[in-house]
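Geometric and topological summary
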Amino acid sequence: MTTRSVVLIDPQSYISQQIQKLVIENINFFCVESTVDAKNLLSRQPCSVGLVILDRSLQDSLEEVESLVAATAKTEWIALVAPAYMEMANVRSFVANAFYDYHTLPVDLQRLLMTIGHACGIAHLRLSLAKKENADSGHFGIHGNSAIMQSFFQRLDKVINADLAVLIGGETGTGKELVAQAIHGHSRRSKGPFVAVNCGAVPQNLIQSELFGHERGAFTGAQQRKIGSIEAANGGVLFLDEIGDLPLNMQANLLRVLQERTITRLGSTQPVPVDFRIIAATHVDLQQAIQNGSFREDLYYRLSVIQLDLPPLRSRDGDVPLLAEVIFKRLSANNPHCRANGFTSQALRVMSAYRWPGNVRELINRIHRAVILCEGKLIGVSDLGLDAHVDIPEAKTLEDARASLDRSILEISLRNNGNNVSRAARQLGVSRVTFYRMMNKHNIAATH
Ligand SMILES: Nc1ncnc2c1ncn2[C@@H]1O[C@H](COP(=O)(O)OP(=O)(O)OP(=O)(O)O)[C@@H](O)[C@H]1O
Ligand SMILES: [Mg+2]
């Protein structure tokens, strides 16, 4: 049997003495006097369970206890509270929000030992789940177990140190910038800068000086020399986001830079050599833009030496629950008021079936909202704002949809009325005959 460790904050040795009298096999008690001592102990000796006495003997403030509980995620805390303290509203809400359980003083040791046993069980369960999650730390922080993402990762690995231009395609929110950062961070250019420019967000009249920089006095208002993004990326990576929004005249200038590997600041005639890797991203189809005449074909070939396409979230089979869990853990860790520790099975089902037009970013936003709004222990569909997507059966025609809705209404009303057809018919405002006819039509058997 494994030995379980329990820390007890008990300045007056009130409980410690009683515990010492008991012979408790396979539980190691560590008695300390304050939250600071408890923190020190826990940094050396992990304990599954912590006990803290909330009564007059407590030398620390409630905030200090709260910060200890918040900082020790691997320990389940049990409060031993004096009855007078339990009458204080702030103590009550603190105990309800932060503790696994509580006992009022004086404690019944046998009952307390049972609670400790349960809390140890939960702590071990949480630890084993956390270990499983850590084992899946993603590929450079990009999570996904689906076959489509696994083959994406294989391609990504080959691309990283090739030092060639990369064009990343994919719908909005699929992780294009994350991938660009991963390429930079794991390539031999990782010590150099990563300079990102969103071509769609810079006003057209400023984009030239944003990319190429300018000399002092190059134009009205140019009071100082400015180093452009391309020059700033020297030795590193230049990430051009939304490259499809780059105006045509700038496309010509960029093409020249890629051919000559030098830039000339606005207002200067002096070319400056630059050494950078270019990574571009687009959520629009550049082939289509070439057809429309809004994107240069020669630039496209320069940029897409390697093309990486991020699949939309809806086609990453099985990845939604995994991503949801990872994102939830990250967001709830920063939100001490969130009491939820997972999702309802309905929420997981609905999330898996949803189309995610905004992809991973939308998933993050919905979970963030749920972490803030959720009041229960599990996040449900309404916390995620997905009520409208609950189990809508996929119907081929409007007639099919109506039939399926009729069938569900009949079944629900029968169930709610204990299978009594007369009562169900009355509830729906139809005659018994009509009700039977509808049951017949939808193949619903009358059960007694
Ligand atoms: N597979 C993933 N695992 C973990 N986090 C992800 C994953 N994909 C995307 N993210 C996160 O989702 C958010 C959106 O990703 P990112 O900004 O890279 O998307 P994008 O494709 O550049 O979107 P847009 O087209 O809207 O600019 C970021 O917070 C990113 O860290
Ligand atoms: Mg982006």
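Residues numbered from 1 in each chain as written. Chains lettered and ligands numbered in written order. Predicted model: local features only at pLDDT ≥ 70, side-chain atom pairs only at ≥ 80, totals over all residues. Heavy atoms only, no water.

1. Focus: the domain arrangement of the chain
A common way to state how big an interface is: give the accessible area lost once the parts meet. Each domain of the chain was delimited in the assignment, giving domain 1 (4–135), domain 2 (147–309), domain 3 (314–389) and domain 4 (398–441). Each of domain 1 and domain 3 was reduced to a C-alpha centroid, and the two centroids are 31 Å apart. Taken together, the contact pairs four residues of domain 1 with four residues of domain 3. In total, about 300 Å² of surface goes out of reach between domain 1 and domain 3, with carbon and sulfur atoms giving 39% of it. Seen at the junction of domain 1 and domain 3, the total is zero salt bridges. On inspection of domain 1 and its partner domain 3, the count reaches zero residue pairs in polar contact (both at pLDDT 80 or more). Secondary structure elements with two or more residues in the side of domain 1 that touches domain 3: helix 5 (89–98) and helix 6 (109–135). A breakdown of the residues in the side of domain 1 that touches domain 3 according to their chemical character gives one nonpolar, one polar and two charged. (Domains from an automatic or database assignment. Contact = heavy atoms within 4.5 Å. Buried area = accessible area lost by both parts, 1.4 Å probe. Salt bridge = Lys/Arg side-chain N within 4 Å of Asp/Glu carboxyl O. Polar contact = N/O pair within 3.5 Å; in protein donor to acceptor, adjacent residues only side chain to side chain. Helix = DSSP H or I, 4+ residues; strand = E, 2+ residues; numbered from the N terminus. Nonpolar A, V, L, I, M, F, W, Y, C, P; charged D, E, K, R; others polar.)

2. Side note on the site of ligand 1
What surrounds ligand 1 is a group of 15 residues, the closest being His-143, Thr-172, Gly-173, Lys-176 and Arg-361. For ligand 1, an oxygen atom lies 2.7 Å from a polar atom in the side chain of Thr-172. In this structure, an oxygen atom belonging to ligand 1 sits 2.6 Å away from a side-chain N or O atom of Lys-176. Considered on its own, ligand 1 offers 640 Å² of accessible surface; in the complex 84% of this is hidden by protein. The cavity that encloses ligand 1 is the second largest pocket. Of all elements in the fold, only helix 8 (176–186) and helix 16 (359–373) reach the threshold of two or more residues within the shell around ligand 1. Along the lines of polarity and charge, the residues of the shell around ligand 1 split into five nonpolar, six polar and four charged. Formed jointly, the shell around ligand 1 draws a minimum of three residues from each of two domains, domain 2 (147–309) and domain 3 (314–389). (Near = heavy atom within 4 Å. Areas by Shrake-Rupley, 256 points an atom, 1.4 Å probe, with all protein chains shown as cover. 1 Å grid on protein atoms, 1.4 Å probe; cavity = no way out; pocket = protein on both sides within 12 Å on 5 of 7 lines; lining within 4 Å. Sits in = over half its atoms within 2 Å of the grid points.)

3. A closer look at the packing of aromatic side chains
Scanning the model with the defined rule gives six aromatic pairs in all. Plain terms: the ring middles of Phe-94 and Phe-99 are 5.2 Å apart, the flat faces sit at 80° to each other, and that makes the pair edge-to-face. For the residue pair Phe-94 and Phe-99, the accessibility class agrees, reading buried in each case. Measuring from centroid to centroid gives 5.3 Å for Tyr-300 and Tyr-301, while their planes differ by 70°, and the two rings are edge-to-face. Owing to a relative accessible area of 8%, Tyr-300 belongs among the buried residues under this scheme. Stacked on the ring of Phe-276, the Lys or Arg Arg-261 has its end atom at 5.0 Å from the ring centre. (Phe/Tyr/Trp six-rings, centres within 6.5 Å; stacked < 30°, edge-to-face > 60°. Buried < 20%, exposed > 50% of the residue type's maximum accessible area, 1.4 Å probe, protein only. Lys NZ or Arg CZ within 6 Å of the ring centre and 35° of its normal.)

4. Remarks on unusual backbone geometry
Across the junction of Leu-105 and Pro-106, the peptide omega takes the value 0°, indicating a cis bond. Checked against the element boundaries, Pro-106 lands in the loop between strand 5 (101–104) and helix 6. The phi dihedral of Phe-140 is positive, around 55°, even though this residue is not glycine. Relative to the helices and strands, Phe-140 resides in the loop between helix 6 and helix 7 (147–160). The partly exposed category is assigned to Phe-140, whose relative accessible area is 30%. Non-glycine residue Arg-261 carries a positive phi angle of around 55°. Structurally, Arg-261 can be placed in the loop between helix 11 (248–260) and strand 11 (262–264).

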